[in-house]
Amino acid sequence: MPEVEEKSRFDGIELHALATALPTPFHAYSANAIRQRISGLQQALQGLDATICFAVKANSSLAILQLMAESGVGADIVSAGELNRSLRAGIPADRIVFSGVGKTEAEMAEALDAGVGRFNVESFDEFETLQRVANAHKVIARAAVRINPDVDARTHQKISTGKSDNKFGVSIDEARRWFSGSKAFPNVRLDGLHVHIGSQILDLEPFRQALARVARFWHELAEAGHEIASIDVGGGLGVVYRAGHDRAIDPVEYVRTIREALTGFEGRILLEPGRYLVAEAGLLLTRVIRTKRGESRNFLIVDAAMNDLMRPSLYDAWHDIQLIGATAAEGERPATTYDVVGPVCETGDTFAVGRELPECRAGDLLAIRCTGAYGASMSSTYNSRPLAAEVLVDEGRYSVIRRRQSFEEMIMGEQAATSWRNV
Ligand code: LLP
């Protein structure tokens, strides 16, 4: 099949036709690609007592969470909002783990009422607060301590979480004190370990190092008579943002690393992948508004912007960009180098710098690839641009899973300052 044709098809649908049916920009996700990722990982985990808890922050769309629920996948949440989304999508509470350094008392109470499976506790203050809230609710919270293993994940600094100077987790020394003093916390059953060292990791070595430290600690705790019922190995598995450049980790290799590190562990292994399950299944469709020849650069101005996809502005992230459906004419279009930019009034509103593409004109359709994770979920209405639509594609059919926000929806809740009060 010619490459152009391949690029233009997406889970049995013509992207050109989809972009005729719906105004750009919009996010599209392939249901099949997500299911394949889930089942590939589930197969690699066969024989282990393991539960995949999808990191909801990667893509919190209800329809995507429903797909997770249908495949038996649980959720890793970091807020009451993510808790409610997960429950609404049908993910059972006992398959939900609650992570994050800033859980409030109200959020803890809500999660306890819902019956979430486990709290991943990140500080001593949080441990004490959880004890207090659980006691007030007359329940026993199950908890894991999040270990900060002080390992370099060799990823972007802003998405690295496992170094001792990051805000996440506690040292093994501190965790050891929690276990020895756990009798003072009768409403918290501390019987789990958790580790998450960062995101977009394309190298097994950091996982190996972190798991080795956690495993050593688990052995030590077991010898001291502490029951460890679960080890949560976090997320972080990277994806291919740049075809022909990034090298993905094979899920079987990744799981082998877990198997080797946790040999003999008889409790439950939890995994919290986010990006790996959804990133490559998504793309952002956008049209060229106009081209502009600057003094020293060619600009391709498209109708998507940093508010629809923050990653390039925030992390200088690379996303492959393809011209869709230029078909036979593509051969006649000379390669041109563009800075691909959006309409937002910031220089950082740039999807790519000096990117080679076939010469483009107004109205051309482009796909920004690998946007299924941390795309829509990180979007905003900056510059008063409505949130883009999201579409799920499944074997030649599509379903709008979030319609584009209307102007009225965008300003919902705002009001003129007419009623003033004193505190
Ligand atoms: N578990 C915990 C405790 C996490 O903090 C995260 C991500 C995950 C799991 C899922 O990680 P994943 O498998 O998706 O790598 N916005 C950034 C990524 C931030 C990740 C934050 N935590 C980006 O677009 O690259």
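Residues numbered from 1 in each chain as written. Predicted model: local features only at pLDDT ≥ 70, side-chain atom pairs only at ≥ 80, totals over all residues. Heavy atoms only, no water.

Participant: When you look at the overall build of the chain in this model, what are you seeing that I'm missing?
Facilitator: Secondary structure assignment for the chain yields 13 helices and 19 strands. A globule of 423 residues ought to have a C-alpha radius of gyration of about 22 Å, and the chain, at 23 Å, matches this closely. With the C-alpha coordinates of the chain rotated into their principal frame, the extents come out at 70 × 60 × 40 Å. Each of the 423 residues in the chain was classed as buried or not, and the buried ones make up 53%. Taking as baseline every contact in the chain between residues at least 6 positions apart, the subset at least 24 positions apart corresponds to 71%. In the form shown here, the chain has an accessible surface area of approximately 19500 Å², with 47% of it arising from carbon and sulfur atoms. Between the mean site of the 47 positive side-chain charges and the mean site of the 56 negative ones, the chain shows a separation of 1 Å. (Helix = DSSP H or I, 4+ residues; strand = E, 2+ residues; numbered from the N terminus. Rg over C-alpha atoms; globule rule 2.2 N^0.38 Å. Buried < 20%, exposed > 50% of the residue type's maximum accessible area, 1.4 Å probe, protein only. Contact = heavy atoms within 4.5 Å. Areas by Shrake-Rupley, 256 points an atom, 1.4 Å probe, with all protein chains shown as cover. Lys, Arg positive; Asp, Glu negative; His and termini not counted. Charge placed at Lys NZ, Arg CZ, Asp CG, Glu CD.)

Participant: Can you help me understand the domain arrangement of the chain in this one?
Facilitator: By convention, interface size is frequently given as the accessible area that disappears when the constituent parts associate. Partitioning the chain into domains gives domain 1 (9-28 + 280-406) and domain 2 (100-271). A buried area of about 900 Å², summed over both sides, lies between domain 1 and domain 2, and 54% of it is on carbon and sulfur atoms. When the buried area of domain 1 at its contact with domain 2 is split by residue, E280, Y315 and W318 rank highest and sum to 51% of it. Counting every contact that joins domain 1 to domain 2 gives 4 residue pairs in polar contact (both at pLDDT 80 or more). Tallied by class, the residues present in the side of domain 1 that touches domain 2 amount to 5 nonpolar, 1 polar and 3 charged. (Domains from an automatic or database assignment. Buried area = accessible area lost by both parts, 1.4 Å probe. Polar contact = N/O pair within 3.5 Å; in protein donor to acceptor, adjacent residues only side chain to side chain. Nonpolar A, V, L, I, M, F, W, Y, C, P; charged D, E, K, R; others polar.)

Participant: So what exactly am I meant to see when it comes to the site of the ligand here?
Facilitator: Around the ligand, the structure places 18 residues, and the nearest of them are S199, E272, R311, Y315 and Y374. Side-chain polar atom of D76 to a nitrogen atom of the ligand: 3.2 Å apart, as the coordinates give it. Here an oxygen atom of the ligand sits 2.6 Å away from a polar atom, N or O, in the side chain of Y374. Contact with the protein chains removes 91% of the 590 Å² of surface that the ligand exposes when unbound. In the shell around the ligand, the residues fall into 6 nonpolar, 6 polar and 6 charged. Both domains that furnish three or more residues to the shell around the ligand are identified here as domain 1 (9-28 + 280-406) and domain 2 (100-271). (Near = heavy atom within 4 Å.)

Participant: Explain the nonpolar core here, please?
Facilitator: Nonpolar side chains in soluble globular proteins generally cluster together in the buried interior. One finds F119, L193 and Y254 to be the most contacted residues of the largest nonpolar core, which totals 85 residues. Among the elements that make up this core, the one with the highest residue count is helix α9 (residues 204-223) (9 residues). When we break this core down by domain, the ones giving at least three residues each are domain 1 (9-28 + 280-406) and domain 2 (100-271). Not counting residues up to four positions away in its chain, the partners in contact with F119 are F98, K103, M108, A111, L112, L130, A141, R142, A143 and A144. (Core = buried A, V, L, I, M, F, W, Y, C linked by side-chain atoms within 4.5 Å.)

Participant: Help me out: how do you make sense of the packing of α9 against helix α10 (residues 251-261) in this one?
Facilitator: Where α9 contacts α10, the axes come no closer than 9 Å and their chain directions differ by 25 degrees. The pairing of α9 with α10 is recorded here as roughly parallel in orientation. The crossing of α9 and α10 is right-handed. Contact residues: L204, F207, R208, L211, A215 and W218 in α9; E253, Y254, T257, I258 and A261 in α10. (Axes fitted to C-alpha atoms, helices over the stretch in contact; angles between N-to-C directions. Parallel < 35°, antiparallel > 145°, perpendicular 65-115°, else oblique. Left-handed = near helix turned anticlockwise from the far one by under 90°.)

Participant: Sorry, what's going on with the environment of F98 here?
Facilitator: Along the polypeptide, F98 turns up in strand β6 (residues 96-98). Considered as a pair, F98 and P343 are 245 residues apart in the sequence and their alpha carbons are 37 Å apart.

Participant: When you look at the packing of aromatic side chains in this model, what are you seeing that I'm missing?
Facilitator: Describing an aromatic ring pair means giving the distance of the ring centres and the angle of the ring planes. Under the criterion given, the structure shown has 9 aromatic pairs. Counting every residue linked through ring pairs, the aromatic cluster contains F124, F127, W178 and F185. Above the face of the Y276 ring, R37 is positioned so that its terminal group lies 4.3 Å from the ring centre. The aromatic ring of F98 is capped on one face by K103, whose charged end is 5.6 Å from the ring centroid. (Phe/Tyr/Trp six-rings, centres within 6.5 Å; stacked < 30°, edge-to-face > 60°. Lys NZ or Arg CZ within 6 Å of the ring centre and 35° of its normal.)

Participant: What is the right way to read the sheet that holds β6 from this model?
Facilitator: The strands making up a sheet associate through hydrogen bonds between their backbones, and the pairing can be parallel or antiparallel. On the basis of which strands lie adjacent, the closed barrel formed by 8 strands has the order β4-β5-β6-β7-β8-β9-β10-β11 and parallel pairing. Recorded for the sheet is a direction-independent mean angle of 30 degrees between the axes of neighbouring strands. Alignment of strand β4 (residues 50-55) against strand β5 (residues 74-77), held across 3 bridges, turns out to be parallel. Along β5, the bridge assignment pairs A55 with D76. In this fold helix α6 (residues 105-114) packs onto β6, β7 (118-121) and β8 (141-146), with an angle of close to 150 degrees to the strand it touches most, β7. (Pairing = 2+ DSSP bridges.)

Participant: I would appreciate a short explanation of the pattern of salt bridges in the present structure.
Facilitator: Note on pairing: side chains with opposite charge can pair once their charged atoms come close. Under the counting rule described, the total for this entry stands at 20 salt bridges. Taking the shortest distance from any N to any O, the salt bridge between R132 and E105 comes out at 2.9 Å. Taken together, the residues R132 in helix α7 (residues 124-136) and E105 in helix α6 connect sequence positions 27 residues apart. Overlapping salt bridges bring together R118, R142, R189 and D191 as one network. (Salt bridge = Lys/Arg side-chain N within 4 Å of Asp/Glu carboxyl O.)

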